[in-house]
Amino acid sequence: MKIGIIGGTGDIGEGMALRLSPLFEVIVGSRNSEKAIETSVCCSDTLHSRNVKCSCSGTTNADAVLNADVIILAVPWKNLTETVRSLPDFGDKIVVSPVNPMEKRDHFVFVPPDEGSVALYLKRILPPEARLVVAFNTIAANRWKAIDEELRYSVPVCGDDLEAKSIVSDIVNSTSALKAYDAGPLAASCMVESLTPLLLNIARYNKMRDVGLRFV
Ligand SMILES: NC(=O)c1ccc[n+]([C@@H]2O[C@H](COP(=O)([O-])OP(=O)(O)OC[C@H]3O[C@@H](n4cnc5c(N)ncnc54)[C@H](OP(=O)(O)O)[C@@H]3O)[C@@H](O)[C@H]2O)c1
């Protein structure tokens, strides 16, 4: 399976490339193909130095969409609309949103669009065939990048397309020690997207780092 990471040069994208490329064919996307190639080479070098085989390449965001089966939108909420509009048709590919609409004010605040969540906004602007799934919202980039440590987190997964949700849950469950939990339809996605500002506030007010979720 080929996984394209749009904005794969960013904080979470880089970490995802490190974790996913030993398991899947990862295509790092960027607005700038050279930047994507640099990230993919860095990812491969890091893994090869640990004797881990991987498949990671870098290209433009558009080529990542065209060549991948599953596309992760690893870009900030404020840049999401322009990014999605710059991409070719997703067709009926699986599109994964880890995007959290939040702002840092005195504390972190959940600031969703009028639709109620980024996922519901995306559902409105993506072609109707695109199979949208919400996942990976609550794992901090630093944890993704700490590849010598297991990711022992629960991952809520939302979606209306049951097959797409199952495929994304399989990706989650094959990555380190992550465990996917069905969090319901896209209509429930605001609850998943609002968890990260909560986790960041808990980290801040309790002097913790990279607070994560584990359902027991
Ligand atoms: N960071 C975390 O710990 C974390 C955890 C869970 C979920 N998330 C979610 O994951 C998404 C990505 O977060 P991040 O921290 O990885 O973001 P980031 O590092 O700030 O940015 C990711 C990538 O987005 C692209 N980008 C930046 N500015 C842009 C612009 N003006 N127009 C178009 N593309 C632009 C860049 O790629 P190019 O310059 O290569 O095009 C950049 O490398 C966010 O929606 C966030 O809510 C993040």
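In what follows, the accompanying structure is described.

## Here we look at the pattern of salt bridges
If charged atoms from side chains of opposite charge come close, those side chains can pair.
Here's step 1: With the rule as written, the count across this model stands at 10 salt bridges.
Here's step 2: In this structure, Asp11 engages Lys145 in a salt bridge whose closest nitrogen and oxygen atoms are separated by 3.2 Å. Of this pair, Asp11 sits in helix H1 (residues 11-20) while Lys145 sits in helix H6 (residues 141-145), and the two are 134 residues apart along the sequence.
Here's step 3: Taking the relative accessible area as the measure of exposure, Asp11 reaches 54% and is therefore exposed.
Here's step 4: Here Arg131 and Glu163 are joined by a salt bridge, their closest N and O atoms 2.8 Å apart. With Arg131 in strand E8 (residues 131-134) and Glu163 in helix H7 (residues 162-174), this pair connects stretches of sequence that are 32 residues apart.

## Looking at the pairing of strand E4 (residues 70-73)
Here's step 1: Burial along E4 is two-sided: the residues Val70 and Ile72 and Ile71 and Leu73 are all buried.
Here's step 2: Bridging between strand E1 (residues 2-6) and E4 involves four bridges; their strand directions are parallel. Residue Ile6 lies in a different strand from E4, and its bridge partner there is Leu73.
Here's step 3: Bridging between E4 and strand E5 (residues 94-97) involves three bridges; their strand directions are parallel. If you follow Ile71 over to E5, its bridge partner there is Val95.

## Section: the site of the ligand
Here's step 1: Around the ligand there are 23 residues in total, and Thr9, Ser30, Arg31, Lys35 and Val75 lie nearest to it.
Here's step 2: A distance of 2.8 Å is found between an oxygen atom of the ligand and a backbone nitrogen or oxygen belonging to Ala141.
Here's step 3: When the ligand is considered free in solution it has 890 Å² of accessible area, and contact with the protein chains removes 78% of it.
Here's step 4: For the shell around the ligand, the secondary-structure elements that each account for two or more residues are H1 and helix H4 (80-85).
Here's step 5: Of the residues belonging to the shell around the ligand, the class tally is 11 nonpolar, eight polar and four charged.

The rules behind each value
- Numbers given to residues run from 1 along each chain, matching the order in which its sequence is written.
- Under the rules for a predicted model, residues below a pLDDT of 70 receive no local features and side-chain atom pairs below 80 are neither given nor counted, while totals for whole chains, interfaces and linings still include all residues.
- The basis for every side-chain value is the complete set of heavy atoms in the structure, and neither hydrogens nor water enter the calculation.
- Any carboxyl oxygen of Asp or Glu within 4 Å of a side-chain nitrogen of Lys or Arg constitutes a salt bridge here.
- The way it works is that DSSP assigns letters per residue, a run of H or I at least four long becomes a helix, a run of E at least two long becomes a strand, and they are numbered from the N terminus.
- Working definition: with a 1.4 Å probe on protein chains only, accessible area under 20% of the residue-type maximum means buried, over 50% means exposed, and in between means partly exposed.
- Note on pairing: DSSP must find at least two bridges between two strands before they are called paired.
- In these notes, residues near a molecule or strand are those with any non-hydrogen atom within 4 Å of it.
- Here a polar contact is taken to be a pair of N or O atoms separated by no more than 3.5 Å, where protein atoms must pair a possible hydrogen donor with a possible acceptor and residues adjacent in sequence count only if both atoms sit in side chains.
- The Shrake-Rupley method, run with a 1.4 Å probe sphere, supplies the accessible areas, and residue values consider only the shown protein chains as cover.
- Here the term charged refers only to Asp, Glu, Lys and Arg, the term nonpolar to Ala, Val, Leu, Ile, Met, Phe, Trp, Tyr, Cys and Pro, and the term polar to all other amino acids, Gly among them.

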